[in-house]
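Observations on the model geometry
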Amino acid sequence: MKTLFAVPAIAMAMSVAFVTNVNAEVLKIGAIFPLSGANAQFGANARNGMELALEDINKNRAAADKVQLVFADVPAPNGAAAAVQRLVSQDGVVGIIGSFVSSITLAASEATERLGIPMITHSFADQITGRGYKYIFQVAPKASTFGEKQFGYTLDLAKQAGTKIERIAIFYEDTAYGTAQADGIRKAAQKAGVEVVIDDAYPLGITDVAPLINKLRRSKAQVVFPVSYFNDGILIIRTMKQQKVDLPIVGGAAGYIIPDFQKALGPYAEDVFSIAPANYDNVPELAARYKAKYGTFMAHESIMYGAALQHMVAAADRAKSRDPAKIRDAITQVRNCEGLATGIPGGCTVFDANGLTSSAYPIFVQWRGADLVTVFPASAARQAPRWLGREVK
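Residues numbered from 1 in each chain as written. Predicted model: local features only at pLDDT ≥ 70, side-chain atom pairs only at ≥ 80, totals over all residues. Heavy atoms only, no water.

1. Examining the packing of helix H7 (residues 210-219) against helix H8 (residues 230-242)
The test is simple: Only the contacting stretch of a helix is used when fitting its axis, a line to C-alpha atoms as for every element, and angles between N-to-C directions run 0 to 180 degrees. Strands here are runs of E lasting at least two residues and helices are runs of H or I lasting at least four, both read from the DSSP assignment and numbered beginning at the N terminus. When describing relative orientation, an angle under 35 degrees is termed roughly parallel and one over 145 degrees roughly antiparallel, while 65 to 115 degrees is termed roughly perpendicular and anything else oblique. Left-handed describes a crossing whose near helix is turned anticlockwise from the far helix through less than a right angle; right-handed describes the clockwise counterpart. The contact criterion used is simple: two residues touch if any of their non-hydrogen atoms lie within 4.5 Å. In this count, Pro and Cys sit with the nonpolar residues alongside Ala, Val, Leu, Ile, Met, Phe, Trp and Tyr, while Asp, Glu, Lys and Arg are called charged and the others, Gly among them, polar.
Contact pair H7 / H8: the axes reach a minimum separation of 10 Å and the direction vectors enclose 50°. When the interaxial angle is binned, H7 and H8 end up oblique. Here H7 runs over H8; the crossing is right-handed. Side by side, H7 and H8 meet where Ala210, Ile213 and Leu216 of the first sit next to Ile236, Thr239 and Met240 of the second. Partitioned by chemical class, the residues of the contact of H7 with H8 number five nonpolar, one polar and no charged.

Right, here's the structure in full:
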């Protein structure tokens, strides 16, 4: 199979030397996340979830067989390849988990593919498992699927509430994640014959959203779909509420479903919907442990990356090897339906021939005070959804 880059001889030599010399009882897993910068909260949440999972993983393992996590702070794509190389050649990791931000994951997975190191991610961008790579796996559905369901669930809920949706607005950041997910919303709306009255990209890190919100006010849109990370999502919602633009808001996961969203917005967060890959109310016992340990609810990335770590370790144990190629093959064979994987809709981590999840599906969550509750579809819901303040039966 062709990859984007030829394998440098020195990189291959370091990788092979590492695999040959590693202590057979040591299992080191690398973790690449933005632990500083604008997306640091997502990295911290992912690290917390992995450390919670690690407690259970190591509980019954012999002292010499403990799993070790090696973290690398990668706040931007241009540092991803070097971080992968360092984790492999210097730290001796046999697999990598990360990186939440799709653009960082895309860059990191080019390096893991060159080096033959398996990587499991929760990043959404379609390209991640759409390039024919053998060593990259996604525990969540791809972004276009999230976009499709983000629109479809909204249409279904509005219909149940007695509202026919004819016009929508889409705001999305111009990154791999934002572009792919917005495309899913757009195509679903076109298929349903719903007019997209605003379809606007904006740069990551935008500081003035007033022109977008003014345009929204004039558009006669019935629902707005903002696809954004944390800071820009906060800015969009706060500006909407301050300008009294009162529309149902359906966020695109990411910044809309972490504890700091409600902390930053207070009552402005109430009843905001979001598509999500998982929610803590599906695993109450694990969620209680997490809250006792970290003082807040367990974010979706905590669940997804904790489950990713558990799958990687299960694969290494199945392979009975520290050879990354053998672990990669075992990842394709493992179906893990225990631990944090039970918090993912579908209840398991398992991958198809392209490395994409074959069991997970998106859900709708909605803010209720300081809690995020699963409200749709009915098979996954823990509480009834509210549409414009009224409960939908």
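2. Side note on the state of the cysteines
Definition in use: Only a pair of cysteine sulfur atoms within 2.5 Å qualifies as a disulfide here. Burial classes follow relative accessibility: with a 1.4 Å probe on protein chains only, a residue under 20% of its type's maximum area counts as buried, one over 50% as exposed, and anything between as partly exposed.
Overall, the coordinates contain one disulfide when judged by the stated rule. Cys337 shares a disulfide with Cys348; S-S distance 2.0 Å. Across the disulfide from Cys337 to Cys348, rotation about the S-S bond amounts to roughly 105°, and the bridge is consequently right-handed. Taken together, the residues span a long stretch of sequence, with Cys337 in the loop between helix H12 (324-333) and strand S11 (363-368) and Cys348 in the loop between H12 and S11 at a distance of 11 residues. Here Cys337 falls in the partly exposed class, since its relative accessible area comes to 33%. Residue class for Cys348 comes out buried when judged on its relative accessible area of 6%.

3. As for empty space enclosed by the protein
This is how it is decided: Definitions used for this entry: grid spacing 1 Å over protein atoms alone; cavity, a set of points where a 1.4 Å probe fits but cannot get out; pocket, an open set with protein on both sides within 12 Å along at least 5 of 7 lines; lining residue, one with an atom within 4 Å of a point. Grid points are joined across faces, edges and corners, and a volume is the space filled by probe spheres set on the points.
Per the stated rule, a full pass over the model turns up one cavity of 30 Å³ or more. For the largest cavity, the calculated volume is near 70 Å³. Lining the largest cavity we find Phe100, Ser102, His122, Ser123, Phe124, Tyr177, Tyr229, Ala254 and His300.

4. Re the sheet that holds strand S4 (residues 119-121)
Worth spelling out the cut-off: Between any two strands, pairing holds if DSSP finds at least two bridges.
Read from one edge of the open sheet, five strands run S2-S1-S3-S4-S5, paired in parallel fashion. The sheet is open, and its two edges are formed by strand S2 (67-73) and strand S5 (136-138), each paired on a single side. On average, adjacent strands in this sheet sit at an angle of 25° to one another, irrespective of strand direction. The pairing of strand S3 (residues 95-98) with S4 spans two bridges and is parallel. Within the sheet, the bridge partner assigned to Ile96 lies in S4 and is Met119. Where helix H3 (residues 80-89) meets the sheet, it contacts strand S1 (27-33), S2 and S3, and its direction lies at approximately 165° from that of S1. Its contacts with the sheet place helix H4 (residues 102-115) against S1, S3, S4 and S5, and it is angled at close to 165° to S4.

5. A look at the sheet that holds strand S10 (residues 273-276)
If you trace the four strands from one edge of the open sheet to the other, you get S9-S10-S11-S12, paired in mixed fashion. With one partner strand each, in any of the chains shown, strand S9 (250-251) and strand S12 (371-376) form the two edges of the open sheet. Along the sheet, helix H5 (residues 143-160) makes contact with S9, S10, S11 and S12, crossing S10 at roughly 135°.

6. Some remarks on the packing of aromatic side chains
To be explicit about the condition: Only rings of Phe, Tyr and Trp enter the pairing, Trp through its six-membered ring, and a pair is recorded when the two centres are within 6.5 Å. The plane angle decides the type: under 30 degrees is stacked, over 60 is edge-to-face, the rest tilted.
Taken as a whole, this structure holds 18 aromatic pairs when the rule is applied. Relative to Phe364, the ring of Tyr153 lies with its centre 5.4 Å away and its plane at 85°, an arrangement referred to as edge-to-face. Here Tyr153 is found in helix H5, whereas its partner Phe364 is found in strand S11, with 211 residues between them in sequence. We note that Tyr153, like Phe364, is buried. By way of ring pairs, the aromatic residues Phe42, Phe100, Phe124, Phe146, Tyr177 and Tyr229 are connected into one cluster.

7. Re the environment of Ala107
The topology assignment puts Ala107 in helix H4. When neighbours within four sequence positions are excluded, Ala107 is seen to be in contact with Pro77 and Ala80.

8. Concerning the nonpolar core
For clarity, the cut-off: By nonpolar core is meant a set of buried Ala, Val, Leu, Ile, Met, Phe, Trp, Tyr and Cys residues that side-chain atoms within 4.5 Å join together.
By size, the foremost hydrophobic cluster in this structure holds 138 residues, and its most contacted members are Ile32, Leu216, Phe261 and Met298. When residues of this core are assigned to their parent elements, the largest contribution, 10 residues, is made by helix H11 (residues 300-319). Excluding its chain neighbours within four sequence positions, the residues that come into contact with Leu216 are Ala169, Phe171, Ile198, Ala221, Val224, Met240, Val245 and Leu247.

9. Comments concerning the side chain of His311
As for its placement among the helices and strands, His311 is situated in helix H11. On the accessibility criterion, His311 (0% relative accessible area) is buried. Excluding residues that lie within four positions of it along the chain, His311 makes contacts with Ile120, Ile331, Val334, Asn336, Thr349, Val350 and Phe351.

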